[in-house]
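Fold and contact review
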Amino acid sequence: MTFAPADEFEAHRPRLFGLAYRMLGSADEAEDTVQDAYLRFSGADRTTIEYPGAWLAKVVTNLCLSRLTSARARREQYVGPWLPEPVLTSDGTLGPMESAEQREAVSLALLVLLERLTPTERAVYVLREAFAYGHREIAEVLELTEANCRQLYRRAVQRVGEERSRFEPAPERQEELVASFITAAREGDLSSLEKLLAADVTWWSDGGGKVTAARRPIEGHEKVLRFLAGALRGFAAGLHFTEAEINGSGALAAWDGDALVSVFALEARDGLIVRVRAVVNPEKLEFVRRQLGAA
């Protein structure tokens, strides 16, 4: 039986999107990359394509490498901290989230760390860690030697591992923390928020110059609490909050009516919040807004 290009491609689309997103940290760019791959697939002589899945993975990887080269220059000019686009993961968009390893592999924390890798190192790391490619398969995708891929992987693991940590609590505890944070935020209860924050908590806000946001990380319990006090009186006044699984972990979505205005990803250690990554750049919220609207 033969399939039309579109039907055959759709079977691979979720996996290709997951690959592109992990490579780029942008859901919007990942969608564009997958669409570019479809155009190449539909125009190719498929009698020469023995394994469509492998062929498409190679195309997507190389398209991502091209995008990463130009993205690096753009991100050097980015206003304030850069964070990946948040993605709802409870709907299976990025694959199963059944283990701590699967959740960590798509966390905003890890995707931020991947930014320190070269494009080729990132490709090797993602293909190996997220898709369990062997070094020989990676070498075929990137048209490098197997020895070179092994070296790139070792270097990537070392560079990511320098700051990589496993702070995530059990899923139940994460849900409790998120629920407590939402309740305190809704009620403007600074006393409860204070008890949820670790002494070394850090808050990142990604506004991209599109909206008002802190342009440097806010570090330390007292500074973050003062920031929250001001935010609850100003920005957050009148908003309503919902809970969602974003990038494999519990998170808050802040709404102004039907408009999604922010996503807050929480990272915890020993039952306290140690990292908050707030995406407020409206351009980075469109994909997850559509997901939440369809959920």
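About the criteria used
- Residues numbered from 1 in each chain as written.
- Predicted model: local features only at pLDDT ≥ 70, side-chain atom pairs only at ≥ 80, totals over all residues.
- Heavy atoms only, no water.
- Helix = DSSP H or I, 4+ residues; strand = E, 2+ residues; numbered from the N terminus.
- Salt bridge = Lys/Arg side-chain N within 4 Å of Asp/Glu carboxyl O.

So, on to unusual backbone geometry. The phi dihedral of Glu143 is positive, around 55°, even though this residue is not glycine. Topologically, Glu143 is positioned in the loop between helix H8 (135-142) and helix H9 (146-161). A positive phi is found at Asn247, a non-glycine position, where the angle reads about 50°. For Asn247, the location among the structural elements is in the loop between strand E3 (240-246) and strand E4 (249-256).

Take Asp270: it is sitting in the loop between strand E5 (259-269) and strand E6 (272-279). When the C-alpha atoms of Asp270 and Leu19 are compared, they prove to be 32 Å apart, with 251 residues separating the residues in sequence.

A separate point is the pattern of salt bridges. Inspection of every chain in the model, using the stated rule, returns 18 salt bridges. Note that Arg290 is salt-bridged to Glu286, the shortest N-O span being 3.9 Å. Here the residue Arg290 and the residue Glu286 both occupy positions in helix H13 (residues 286-294), the gap between them amounting to four residues, near one helical turn. The network of salt bridges with shared partners includes Glu29, Asp36, Arg67 and Arg74.

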